[in-house]
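These are the residues of each chain, in order.
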Amino acid sequence: MSSAMAATPEQTSNVSLADVRSPVARRAVGHEHAVDAMQLLDDPQEWAAFSGPSTREPGLVESNLVVDGITCAACAVTIEQALRAVPGVVRADVSAASRRATVAWSPDVVKPSGWMGAIRKAGYVPLPANDASARAARLQESRTALWRWLVAGLCMMQVMMYAYPAYVALPGDLSMESERLLRWASWVLTLPVMLFSCGPFFRSALRDLVQRRVSMDLPVAIALVITFAVSTAGTFDPAGAFGREVYFDSLTMFVFFLLTGRWLELRLRDRTAGALEAMVNRMPDAVQRRRADGSFEAVVVRRLVVGDVIRVLPGEAIAADGVITQGSTLVDQALLTGESKPVSRAVGAPVIAGSFNLAGVIEVRVEKAGADTRFAAVLALVRNASATKPRLAQLADRIAKPFLIVVLLAAAAAAGYWWSAGAGHALMVAVAVLVVTCPCALSLATPTAMLAAAGNLARGGVLVRRLQALEALAAVDTVVFDKTGTLTRDGLRLGAVRVREGLSREQALAMAAALAGHSLHPVARALVQAAQQPGSAPSWHAEAVTEHAGQGMQGDLQPCDGTTPARSAWLGSSRFCGLPEADHHAGSTHLADASGWLASFTLHQDLRADAADTVAGLLSDGYRVHMVSGDQREAALQVAEPLGIASVWAGCSPDDKLAFLREQQAQGHRVAVIGDGLNDAPVLAGADVSFALGHAAPLAQSHADFVVLGGQLRRIGQSLQLARRTMRVVRQNLGWALAYNMACIPLAVVGWIPAWLAGLGMAASSLLVVVNALRLASGLEEGKD
C-alpha cells in the first residue's frame, strides 16, 4: 500500500467520527456508513471526549450531547421518551432551549451507539457536546437561518407591493387581467419562501407524521400548506370556489415574522452557549509531548497520561493540570478561577488545564489529565446545567403535546363551523386558529430567561449546576455562611507579637519558625511564612522535634552559627508550654524554654477582601445573615464582629449545622448556604439553595447548586439580585404568553383575526419573550431593573 493510501488507526477513527458527528457528512456517506462510524464511539477511549462518571448515580456514565433538529418542548419530550425506552439508560434530560441533552447510562448494559441510535431513529441528530463539528453545525445553522430570513423578508416586501393595489383599488380600477398578473407574480415570489424559507417547518412536520407524534411545527406547517393551497387554487382558477381572494401576502408575512422570532431565539441560545463554548474551545486538539530521546511529538490531548512532559508555546492553552519544569510565563486563567489579571508562573509553580500561556515557552509535567483535571470538573458542571430544566419549564413540556392536540381539534372545529360561509373563509379561519394558538411563547417563557441568566452568571465566574436553583434562589430570605475558607482565606495571618525583654521580634519569629517548620498545621505554616525574609537564610534550626496533636511542638533549638548550645523549647498553647493562662492569652500561640516564657504570637484568620462588602450588601437588601462554624465561639466572633454578623453559631459539628438549617426552614425561611469544606456537604445538600467556592472540596461542590470560581463572595449578592430579576422576567413572559393566548384564541375562532394578523401576533409574542429574556444577559455589574 502506498503512503498516500495508508492511514493510521487514529486518522481512520477521526475521519469516521467526523462522519457521525456531521449531519452534512452523514447525508453524504449514507445511513449504513453513519451507523458504522457511530459504533466507533463505543470505544471507552472515545467516551472521555463527551462523557464522565456520573456524580448522581454511582457506577453510571454521564454523557453530554448537542441534539440537532429540536424545535420545541415537544421535541425534547420525544427524545427523552426515546432514550428512556433504551435498556441501560437510567436518566435522560433534554433542554429544548439549549438543544443539549444529558444521558446517564450503564456501560454494562448499553453502549453509546445504542442510545444514540434511538435519538437518530426518533428523527434527530446527536453530536458529542465538545466536538468541533457541534460548533461548526451551530454556525452553519445560524448562517442558513439568516439566509432563510433574508429570502422571506425580500419576497414578503415584493408580494406586499403586488398585493397593495387589490387593497386600495376601487371597483373597476383594476382589470381582470391585471389582477391575475399580480396574483401570478405573487405566486412566483412565494415559491422561494415555501421551498427554502419554510424548509425547517416542513421537515419537522414530516418527521412528526412519520413518527406519529405532534410538535409545534406541525400546526404551523399545516397552516402554511392550507394557505398556499387555497391561494394557488385562487390563482390557477379565479372563477373557482377559492378564487375570491388569495393570501400570499399573509403567508409571506407570517413566515417572515416567525423566522424573525426563531432567529432571535437562535441568537440568544448562541449567546448563552458562548460561556460553555469558550471553555470547550480553550482546550487544544493536540499537544507536543516529549519523547524519551528528548524530542517532541504531536499527540491528541486525550492520549496524555500522568508523568508526560508537554511543551506549551505562547498563545496556546495548557492541556492538563501540572507543574512547570522549565521556563516562566504569564498565565491567563480568568475563566477558571475568576482572577482578572494574568498571574506569573515559574519553575515549580502549578498550572491548570484550560488556562492560556501568554508569554514564554514552558514545559509542564502532567499531574492530572482528561477527566481528572479541574477544567473537566468545571466543564461538567456547566454542561449539566445547560441540559437541566427549571420546574416551570418542565410543566410547559408536560402540557405542550396535549395543548397542540387541542389546537388541531379547535382548528378543525372552527373550519367546520364556518364551512357554510364559504370553504375559503372556513379554511383561513382554521389557519388563523392554528397560527395564533401556537404555544411558542409559552414554551420559551421560562427556559430563555433561565439560560440567559445562567450564561450571564457563567461569564461572571458563577457556574449554575441546576437551573431549578435560580427559582429557589429568588425566594431566599436567609443566608448562612461557613467561616473557615468561606468568609476567611485558608491560611492565618500573624498579628501582634509580644516578646520577653532582651529578645527581638525577629529572633522570636526565627526560633518559632524553626520548630514550626516540622509541622503542616495552619498555625505552624503561618509562623513559617511570617518569618521568611527574601534573600536571607534561617538563623535558627531545630532537632528532635515532636508534635503533640492539638497541643503544640517540642524540640531542641540552636542558632545556625553554633554560638550557643542547643536548648529545649516548646511552641503551642499556654498549658502545653507550662504557662499560667491568667498571665498569657489562651487564644495565642506561645514560645517557651526551660527558663519560661519567650514570646506570644497572635494569629488572625485572614478575611476575604470582599467579605465585609458582601455581608453589608446582603444586610442592606433585607437578608437575614448567620454564620456557623466548627471553631470555638471566641475564634468565630473574631471573624463575625468585624463583618457585622450578629447571629453566630460556634462549635458546630456537621450534624449541628444541619440541625440549625432545619430549624430555620421549620420557621418558614428559605435558606441559602455558602460553604467549602467536606463538613459542609450535608448542610449544602439540605439547603434550599447552596453555593460552594471554587476551591471547595469535590464533595462540597457535588452537593452545591452554584460554584463560585475564584472565591469571589461579591458574586453571591449579585447572583441573588440576578435571580430575583430572572423570576420577574419569567413571570412577565408567562403572563404575556398566557394573556395573549387567552385573548386571541376566541377572537380567531369567531373569525375576527385574519391569518396575517395571527402570524404577526404569534411572532410578536415569541419575539417579546426572547427580547425580554435578553435583558438578563447583561453583565452582573450593571444596574437592576
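See the structure printed just above.
Residues numbered from 1 in each chain as written. Predicted model: local features only at pLDDT ≥ 70, side-chain atom pairs only at ≥ 80, totals over all residues. Heavy atoms only, no water.

Participant: Before we move on, could you go through the sheet that holds strand 10 (residues 329–332) and cite the residues and values that matter?
Facilitator: Sheet strands pair via backbone hydrogen bonds, and the direction of the pair is either parallel or antiparallel. Spatial strand order, 11-10-13: 3 strands in an open sheet with antiparallel pairing. In this open sheet, the two strands that pair with only one neighbour each are strand 11 (343–345) and strand 13 (356–357). Bridge count for strand 10 against strand 13 is 2 bridges, and the pairing is antiparallel. Residue pairing in the sheet places Val331 in a bridge with Asn357 of strand 13. (Pairing = 2+ DSSP bridges. Helix = DSSP H or I, 4+ residues; strand = E, 2+ residues; numbered from the N terminus.)

Participant: A description of the packing of helix 15 (residues 423–436) against helix 26 (residues 714–749) should follow, citing residues and the corresponding values.
Facilitator: Axis separation between helix 15 and helix 26 bottoms out at 9 Å; the angle between their running directions is 170°. In terms of orientation, helix 15 lies roughly antiparallel with respect to helix 26. Taking contact as the criterion, the partners of Val429, Ala432, Val433 and Val436 in helix 15 are, on helix 26, Tyr740, Asn741, Cys744, Ile745, Ala748 and Val749. Among the residues forming the contact of helix 15 with helix 26, the class breakdown is 9 nonpolar, 1 polar and no charged. (Axes fitted to C-alpha atoms, helices over the stretch in contact; angles between N-to-C directions. Parallel < 35°, antiparallel > 145°, perpendicular 65-115°, else oblique. Contact = heavy atoms within 4.5 Å. Nonpolar A, V, L, I, M, F, W, Y, C, P; charged D, E, K, R; others polar.)

Participant: Residues and numbers for the pattern of salt bridges, please.
Facilitator: Should their charged atoms come close, side chains of opposite charge can pair. In total, this model carries 11 salt bridges according to the counting rule given. A salt bridge links Arg91 to Glu62, with the shortest nitrogen-to-oxygen separation between them at 2.4 Å. Residue Arg91 is located in strand 3 (residues 89–95), and its partner Glu62 is located in strand 2 (residues 61–68); the two are separated by 29 residues in the primary sequence. Each member of the pair, Arg91 together with Glu62, is buried. Here Glu179 ties to Arg183 by a salt bridge, and the two come within 3.3 Å at their closest N and O atoms. Of this pair, Glu179 and Arg183 are both found in helix 8 (residues 176–197), 4 residues apart, which corresponds to roughly one turn of the helix. (Salt bridge = Lys/Arg side-chain N within 4 Å of Asp/Glu carboxyl O. Buried < 20%, exposed > 50% of the residue type's maximum accessible area, 1.4 Å probe, protein only.)

Participant: A description of the nonpolar core should follow, citing residues and the corresponding values.
Facilitator: Grouped burial of nonpolar side chains is what soluble globular proteins tend to show. By size, the foremost hydrophobic cluster in this structure holds 53 residues, and its most contacted members are Leu224 and Val255. With 10 residues, helix 15 is the single largest residue contributor to this core. Core analysis: the next-biggest nonpolar cluster, separate from the first, contains 48 residues, Val476, Val639, Ile645 and Leu720 among them. (Core = buried A, V, L, I, M, F, W, Y, C linked by side-chain atoms within 4.5 Å.)

Participant: Mind laying out the sheet that holds strand 12 (residues 350–351), listing which residues take part and the relevant values?
Facilitator: Spatially, 7-6-8-14-9-12 is the arrangement adopted by the 6 strands of the open sheet, whose pairing is antiparallel. Two strands lie at the open edges of the sheet, namely strand 7 (296–300) and strand 12, each paired on one side alone. As defined by bridge partners, strand 9 (residues 321–326) adjoins strand 12 across 2 bridges and the pair is classed as antiparallel. Across the sheet, the residue bridging to Gly322 is Val351, located in strand 12.

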